[in-house]
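Observations on the three-dimensional arrangement
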Amino acid sequence: MSEHVQDVAQSIPLRGCRRSPELALVGSRSSFTENLLRATSHEFRDHPLIHLPTLDALGAMPPEQTASVRLLLVDEVTLGAATEGALRLAGPRVRIVLAYLDAEAAARRYHDPCPPTTIHSFVPLDVRLDVWLSLLKLLLHGGKYVPEELLNHRPHRNPAPGGLAELPLLGLTRRQYDVLELVAEGHPNKVIALRLGLSDHTVKLHLHNIISRLGVTNRTEAAARFRDMRP
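Here's a quick rundown of the structure. The residue numbers shown here count from 1 along each chain, following its written sequence. Given that the model is predicted, a residue must reach a pLDDT of at least 70 before its local features are reported, and side-chain atom pairs must reach 80 or more before they are shown or counted; all residues, however, enter totals for whole chains, interfaces and linings. Each side-chain value is worked out from all heavy atoms of the structure, with water and hydrogens disregarded.

1. A short note on the overall build of the protein chain
We count a stretch as a helix when DSSP gives it H or I for four or more residues in a row; a strand needs E for two or more, and each element gets its number in order from the N terminus. When its secondary structure is counted, the protein chain shows 13 helices and six strands. When each of the 231 residues of the protein chain is scored for burial, the buried share is 48%. Considering only contacts in the protein chain between residues 6 or more positions apart, those separated by 24 or more positions represent 66%. Taken as a whole, the protein chain presents about 11,800 Å² of accessible surface, with 52% of it coming from carbon and sulfur. For every residue, the accessible area (1.4 Å probe, protein chains only) is compared with the maximum for its type, and the residue is labelled buried under 20%, exposed over 50%, or partly exposed between those bounds. Should any heavy atoms of two residues lie within 4.5 Å, those residues are considered in contact. Areas reported here follow the Shrake-Rupley algorithm with a probe of radius 1.4 Å; residue values treat only the protein chains shown as occluding.

2. Some thoughts on the environment of Ala 222
Relative to the assigned elements, Ala 222 resides in helix H13 (residues 219–229). For Ala 222 and Glu 181, which are 41 residues apart along the polypeptide, the C-alpha to C-alpha distance reads 9.8 Å.

3. Remarks on the pattern of salt bridges
Criterion for a salt bridge: a side-chain nitrogen of Lys or Arg within 4 Å of a carboxyl oxygen of Asp or Glu. Taken as a whole and judged by the stated rule, the model has nine salt bridges. A salt bridge links Glu 22 to Arg 70, with the nearest nitrogen and oxygen atoms 3.1 Å apart. With Glu 22 in the loop between strand S1 (5–7) and strand S2 (23–26) and Arg 70 in the loop between helix H3 (63–66) and strand S4 (71–75), this residue pair connects regions lying 48 residues apart in the sequence. The exposure classification of Glu 22 matches that of Arg 70, with both residues buried. One salt bridge in this structure joins Glu 34 and Arg 29, with 3.0 Å as the shortest N-O distance.

4. Details of helix H10 (residues 174–184)
In terms of burial, H10 is a largely internal element, eight of the 11 residues being buried. Regarding H10, the residues found buried are Gln 176, Tyr 177, Asp 178, Val 179, Leu 180, Leu 182, Val 183 and Ala 184. Within two residues after H10, Gly 186 carries a phi angle of roughly 95°, on the positive side.

5. A short note on the packing of helix H11 (residues 189–196) against helix H12 (residues 200–214)
It is the contact of H11 with H12, at a shortest axis distance of 9 Å, that shows an interaxial angle of 105°. One finds that H11 runs roughly perpendicular with respect to H12. Residue-level inspection shows Asn 189, Lys 190, Ile 192 and Ala 193 of H11 in contact with H12, the latter providing Asp 200, Val 203, Lys 204 and Leu 207. Helix axes use the C-alpha atoms of the stretch in contact, all axes being lines fitted to C-alpha atoms, and the angles between their N-to-C directions lie in the range 0 to 180 degrees. Roughly parallel means an angle under 35 degrees; roughly antiparallel, over 145; roughly perpendicular, 65 to 115; everything else is oblique.

6. A few points about the environment of Arg 93
Locating Arg 93 in the fold gives a position in the loop between helix H5 (84–87) and strand S5 (95–100). Separated by 26 residues in sequence, Arg 93 and Ala 67 have C-alpha atoms that sit 7.7 Å apart. Beyond its immediate chain neighbours, meaning those up to four positions away, Arg 93 contacts Ala 67, Ser 68, Val 69 and Arg 70.

7. Quick notes on the pairing of strand S6 (residues 121–124)
The two faces of S6 match: Ser 121 and Val 123 on one face and Phe 122 and Pro 124 on the other face are all buried. A pair of strands is labelled paired if DSSP reports no fewer than 2 bridges between them. Here S5 runs beside S6; their pairing, made up of four bridges, is parallel. The residue bridging Val 97 from the neighbouring strand is Ser 121, located in S6. Assignment of crossover handedness uses the view with strands pointing away from the viewer, where a clockwise path from the first strand over the helix to the second indicates a right-handed crossover. Tracing the backbone out of S5, into helix H6 (residues 103–111) and back to the parallel element S6 gives a crossover that is right-handed.

8. Let's talk about the nonpolar core
Only buried Ala, Val, Leu, Ile, Met, Phe, Trp, Tyr and Cys residues count toward a nonpolar core, and they belong to the same one when joined by side-chain atoms within 4.5 Å. Counting 22 residues, the largest nonpolar core has Leu 52, Leu 72, Leu 98, Phe 122 and Leu 150 as the members making the most contacts within it. Of all hydrophobic cores here, the second largest spans 21 residues; its members include Leu 25, Val 97, Leu 101 and Val 123.

9. Side note on the environment of Gln 65
Structurally, the position occupied by Gln 65 is in helix H3. Note on Gln 65: relative accessible area 21%, which makes it partly exposed. Along the primary structure Gln 65 and Arg 19 are separated by 46 residues, whereas in three dimensions their C-alpha atoms are 8.5 Å apart. The contact partners of Gln 65, leaving out residues within four places of it in the chain, are Ser 20 and Pro 21.

10. A short note on helix H7 (residues 129–140)
The first and last C-alpha atoms of H7 sit 17 Å apart over 12 residues, in line with the 16 Å expected at 1.5 Å per residue. Turning to H7, its buried residues number three or more, namely Trp 132, Leu 133, Leu 135, Leu 136, Leu 139 and Leu 140. Buried residues of H7, viewed axially, fall in a sector of 160°; they line one side. On the buried face of H7, the contacting elements are S2, helix H1 (34–43), S4, S5 and S6. Working rule for helices: expected span equals 1.5 Å times residues minus one. Think of the arc as the fan of directions from the helix axis to the C-beta atoms.

Here it is as structure tokens:
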């Protein structure tokens, strides 16, 4: 782990950096991978970074540390389960950023006329690393970012009779449904990635969100749920 990153999940202390964190990334290691954390901390050596598994971990930090946080990047699963009070645990200067993979769900949040949480910016997780770093640099310098795919989003229409009518029942996006369908057919991640034109990492992120949304514990249970709900 980089000397500028503190990972509360593993209780790794800040080494060589005694300043309080300015960037806080909150969410699972499926979203914020080791490589992503290392690259981000290396690029922003003057802006200490902390990785937290949950917002409760943020609340457990000393107030003088949370008060220094300028950017709070939260993955979509964590943000979806968050309360307004939990998001206020960071300091008064904090700007909340949704780090997302599910563009459709992120777009619904962006276009919601009465959102439960004020989100300053939206950053996709499945972009190239250099793009990710450029976006964070923009945000740290006071900029705001909303991807074009969210600005121009058009919601999916309900599927035609005999089509994917079970989508609303499963509570999944179309892309998540596509991934789960291939999982239920017994395909490994590499094949799913090839069939759908995705990276292996993106498939893993989709699976993580699918498992969370369905309330199951693994891909086998998710596939069984999918098969049970098929017409």
